[in-house]
Each structure stands twice: as structure tokens, then as C-alpha cells.
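# Structure assessment
So you can see what is in the structure, the chains are spelled out below.
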Number of protein chains: 2
Amino acid sequence: MAHKYPAELNTLIAHLRKLPGVGTRTAERFAFELIRWPRDQLIAFGEILRGIQEKMPPCDTCGSLTQLRTCPFCHDPERNKRQLCIVASQRDVFAVEETLLYKGLYHVIEHLLSPLDGRSSEQISIERIKKRIEKEKTEEIILAFDSTLEGDTTALYLRGELQSLNLSISRLAFGIPIGSSLEYIDGGTLARALRDRQTF
Amino acid sequence: MAHKYPAELNTLIAHLRKLPGVGTRTAERFAFELIRWPRDQLIAFGEILRGIQEKMPPCDTCGSLTQLRTCPFCHDPERNKRQLCIVASQRDVFAVEETLLYKGLYHVIEHLLSPLDGRSSEQISIERIKKRIEKEKTEEIILAFDSTLEGDTTALYLRGELQSLNLSISRLAFGIPIGSSLEYIDGGTLARALRDRQTF
């Protein structure tokens, strides 16, 4: 029923529709809530959207979110420059950081390969990754991708491109997630966990 | 893991968290998508949020969304001023309009009664509704509320307050929704549809 709304409201709904997983109904619901927010909160929200990209541009080197225009990884002398963790999004950097187990560098490729969605290997600047490996004298590459078809495709592609460089290349382990019951685990995961079973 | 993010990003996530049905995870997902939007789109989105309340304030009389600062209902001489449809939100006005069956006026009470959520009858300005009825010489009140406990409570409250005014008061009919199979209809709805069965 969007066509009945005032033009401004339709514009707001159109913006909200672009958020991941948000359909017309949800966007309408968000919009009608937003226009009832306290005025100062709505203005603050609008301000931050307008300015956030300028305040936190991606790092020129690794693509991570910068803070105060300085990449917290590339500029940290404590990080191990021999390790390079390749991830698909800036958010995944935070997920890996949260483990507290990794102290190397990152490289954000922005998206996984997905030929069906028109995301082909030409969109991953492999030359930039290779130059970085050469410059940093990287010894180990960790591929931290989703365990999906797109993640698998991207991991295989990068392994193919990088394996001649005499590096150790690894990928996140597959298996049953912590805290789960076997009865709820899908067959593919269980098969993988069984195949990759570990000495205990 | 929100505490690990840069301050600007946390602020953005906090705003998104306030949208209905959006938890921390979804807010984070929205935020990481937003910061990758094309700059001009993000700025346009921010601009519209900043300005929308000023451009579409609620009508002083009925609470509907105005367009170009003019209420499309209160100022339309074609609308039947003897009918007043009371709804709980500006969005519901559009839902009723969409039926093309109603040509009277509206009154938006902003929220349904919900004692558990601290929304009591004091927050519905009943005197304003009574004055409006007197001024417009309203003959018929239509209560267009959700068929929930809150909708029922609000309808009962308004009927109690308004029934001495010698008006016709009706509420939206209950029954089985169009296009549904009986096997999927809950018992309460079916009982109501049976009780209110109509000559055919």
C-alpha cells in the first residue's frame, strides 16, 4: 500500500527497504516508528548516518574500519605481520578479534565469490593481496570465511591463486558448534565433524 | 560484542536497536551494511530522518500525518464529518483508507491501553475526543483497533466514556480472514465467526 503514503514517507521506506532482510512491511513499520521518535533522537540518528563514512573510512591497506582515521591493525607494532587473516567483511574482523586468539593482520575482501549474484573473482583484487604478502613477508594465510557455498568457492579460489607463494594456508575448522546437541546438528556438519575428528 | 566497536559505530547500533523487533545482532548487521552504502545514499537517508518530522507533523486536530502541513482528512470538504474513525496509529489510518470504503474523519489516539506497559487511560485525552465529537456533531464512532487484549481494553474504555453521548458506536467485525482455510483458523476466531454468523 506504499503508493498511498506521502512522498517523504515513501522515500524513507525506500531507504529502509535496502537494509538486509527488510521487506516492505518491515520498512513501513520502521518508518512509522521513526516518525514518532523524539525529535532530538531522530536528528542524532540522521546526523550519524550522514557522517559515519567520513569518520570511519576503510583502511587503505587492509580494508578494516579505521578509528580516528588510523587502522588499529596495520599501525599496531605489536601485531604479528607474518600472519594474514583474510575475511569477507569488516564485521568479520570484529568477530575474529573477539576470540582474543589472533594477533596478526587482516585483509578484508569485501565480499565472497558468488557467480550467481554476479560477484566473480575479478572483483577480488588478488594482485593487491599478492603485493601485500610480498611486502609484509607473510608466512601464514588464514581464510576466515563462512561455511557456505560462497565461502568454499572463495577459499578454493584464493588457495589456487596463493599456493605457489610458499605459504602456510589454513581455513577455519568445521565441526559441531560449542553448546549444541547432536540431535539438532545437520547431517553435513556431523559428517564433517566425524571426518575431521581430533585425538582426545 | 558491541563494546569492541568504535564509538561512532556503537552509537549507530544503539539507534538501530530502538527500531521495533530489532535486537543487537540485527542492529549490528544493519550498521555494517549501512557503512558500506554508497555515500550519497547514506547522506540522503540521514537527511530524510533529520527532516521528516518537520515536514510531516501530526495534524493538530486528528493526529494523522499531514502532507505539506495540511491534514488530508480534516481539510477535505468531501469527507463526511458525521463519522469519526478512532485508530491507534497513523499507520492504521492508511490501512483503513486503503479499503476505499470509509470517507469520514479520523482520530489517532497514538497507542492502545496496556496497563502492563504503563499505558493507562490517562494517556488518552478523552476530553479532546469528546470536544471534537461536540464540535463536529459526530453521529457515528467506528473503533478500528487490533483484535488483541489491548485493542479490546481500549474499545471497552472508549465505549464506556462515549456511550452517554447518544452516538452509534461500532467496532471492526471479527471473523475468519478472507482467503483462509478453516483448518488453520484458531478456535477463538472460529467461535467468534460462528457466533456472529451472517444471513447468507
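Residues numbered from 1 in each chain as written. Chains lettered and ligands numbered in written order. Predicted model: local features only at pLDDT ≥ 70, side-chain atom pairs only at ≥ 80, totals over all residues. Heavy atoms only, no water.

### So, helix H5 (residues 126–136) of chain A
All names here are of chain A. Note the cut-off: Note on exposure labels: buried denotes an accessible area under 20% of the residue type's maximum, exposed denotes more than 50%, and partly exposed covers the range between, all computed with a 1.4 Å probe on protein chains only. Strands here mean DSSP runs of E at least two residues long; helices mean DSSP runs of H or I at least four residues long; both are numbered from the N terminus. Relevant arc is that of directions from the helix axis to the C-beta atoms, nothing else. Whether two residues touch is decided by their heavy atoms; if any such pair falls within 4.5 Å, the residues are in contact.
Every buried residue of H5 is listed here: Ile126, Ile129, Arg132, Ile133 and Glu136. For H5, the buried positions fall inside an angular range of 120° around the axis, keeping them on one side. Opposite the buried face of H5, by more than 90 degrees, sit the exposed residues Lys131, Glu134 and Lys135. Residues of H5 that are buried make contact with strand S1 (80–87), strand S2 (104–108), strand S3 (140–144) and helix H6 (149–162).

### Regarding the sheet that holds strand S4 (residues 168–171) of chain B
Residues and elements named next belong to chain B. Under the convention used in this document: A pair of strands counts as paired when DSSP detects no fewer than two bridges linking them. Convention adopted: a line fitted to C-alpha atoms gives each axis, helices being fitted over their contacting stretch, and angles between N-to-C directions are expressed from 0 to 180 degrees.
Taken together, four strands build an open sheet; the order of strands is S2-S1-S3-S4 and the sheet is parallel. Strands at the two margins of the open sheet, each flanked by one partner only, are strand S2 (104–108) and S4. Averaged over neighbouring strand pairs, the angle between their axes works out to 25° when direction is ignored. Relative to strand S3 (residues 140–144), strand S1 (residues 80–87) runs parallel, the two being bridged by five bridges. Pairing of isoleucine 86 across the sheet is with leucine 143, part of S3. Strand contacts of helix H5 (residues 126–136): S1, S2 and S3, with the helix running at about 165° to S2, the strand carrying the most contacts.

### Observations concerning the sheet that holds S1 of chain A
Hydrogen bonds between backbone groups are what pair the strands of a sheet, and the pairing can be parallel or antiparallel. Residues and elements named next belong to chain A. Reading across the sheet, the four strands line up as S2-S1-S3-S4 and stay open at both edges, with parallel pairing between neighbours. Of all strands in the sheet, those with a lone pairing partner are S2 and strand S4 (168–171), marking the two edges. Averaged over all neighbouring strand pairs, the angle between strand axes comes to 25°, with direction disregarded. Inspection of the sheet shows S3 paired to S4 by four bridges, in the parallel sense. For isoleucine 142, the partnering residue across the bridge sits in S4 and is serine 170. On the sheet, helix H4 (residues 90–98) packs against S1, S2 and S3 and is oriented at approximately 155° with respect to S2.

### Some details on the pattern of salt bridges
How we decide: Salt bridge, as applied in this entry: a Lys or Arg side-chain nitrogen positioned within 4 Å of an Asp or Glu carboxyl oxygen.
Per the counting criterion, the structure on display carries 24 salt bridges over all chains. A salt bridge links glutamate 54 of chain A to arginine 39 of chain B, with the shortest nitrogen-to-oxygen separation between them at 3.7 Å. Here arginine 39 of chain B lies in helix H3 (residues 39–55) and glutamate 54 of chain A lies in helix H3 (residues 39–55), a pairing that spans two chains. Classification of arginine 39 of chain B as partly exposed rests on a relative accessible area of 40%. A salt bridge links glutamate 97 of chain B to arginine 79 of chain B, with the nearest nitrogen and oxygen atoms 2.8 Å apart. Taken as a pair, glutamate 97 of chain B in helix H4 (residues 90–98) and arginine 79 of chain B in the loop between H3 and S1 lie far apart in primary sequence, 18 residues in all. Among the residues examined, arginine 79 of chain B registers a relative accessible area of 8% and is labelled buried.

### Overview of the domain arrangement of chain A
The following threshold applies: The start and end points of each domain follow an automatic or database-based domain assignment.
Domain assignment breaks chain A into domain 1 (2–54) and domain 2 (80–171). Placing a centre on the C-alpha atoms of domain 1 of chain A and another on those of domain 2 of chain A gives a separation of 34 Å.

### Remarks on a nonpolar patch on the surface
Going by this rule: By definition, no residue in a patch forms a salt bridge, and every one has over 30% relative accessible area; like charges are joined within 9 Å, nonpolar side chains (Val, Leu, Ile, Met, Phe, Trp, Tyr) within 5 Å. Values of accessible area rely on a 1.4 Å probe in the Shrake-Rupley scheme; residue burial ignores everything except the protein chains shown.
A cluster of nonpolar residues, Ile176, Leu182 and Leu190 of chain A, forms a patch on the protein surface that exposes about 240 Å² of accessible area. Counting through the fold element by element, isoleucine 176 of chain A comes out in the loop between S4 and helix H7 (187–195).

### Some points on the state of the cysteines
All names here are of chain A. Defined as follows: In plain terms, two cysteine sulfur atoms within 2.5 Å form what is called a disulfide here.
Applying the stated rule across the entire model yields zero disulfides over all chains. The structure places no disulfide on cysteine 74, whose sulfur is separated from the nearest cysteine sulfur, that of cysteine 62, by 3.7 Å. Assessed through its relative accessible area of 18%, cysteine 74 is described here as buried.

### Structural notes on the interface of chain A and chain B
Filter applied, for reference: For any pair of parts, buried area is found by adding up, for both, the accessible area (1.4 Å probe) each one loses once the two are put together. Two N or O atoms count as a polar contact when they lie within 3.5 Å, although within protein this holds only if one can serve as hydrogen donor and the other as acceptor, and sequence-adjacent residues are included solely when both atoms are side-chain atoms.
With 52 residues of chain A in contact, the opposing surface of chain B contributes 52 residues. Here chain A packs against chain B, burying approximately 5700 Å² in sum over the two surfaces, 67% of which is carbon and sulfur. Close ionic contact of glutamate 8 of chain B with lysine 55 of chain A constitutes a salt bridge, the shortest N to O distance being 3.7 Å. At the boundary of chain A and chain B, one finds 14 residue pairs in polar contact (both at pLDDT 80 or more). By residue number, the principal contributor to the side of chain A that touches chain B is H3 of chain A, which donates 15 residues.

### Let's talk about the relation of the copies chain A and chain B
Rules: C-alpha atoms of residues with pLDDT of at least 70 in both copies form the basis for the least-squares superposition of the copies.
Once chain A is rotated about the relating axis by 180° and shifted along it by 0.1 Å, it coincides with chain B to within an RMSD of 0.2 Å. Each copy turns onto its partner about a two-fold axis. Measuring from the rotation axis to each C-alpha of chain A, the shortest distance belongs to glycine 46 of chain A, at 1.9 Å. Take the interface residues of chain A: 100% of them recur as interface residues in chain B, which is what a same-surface contact looks like.

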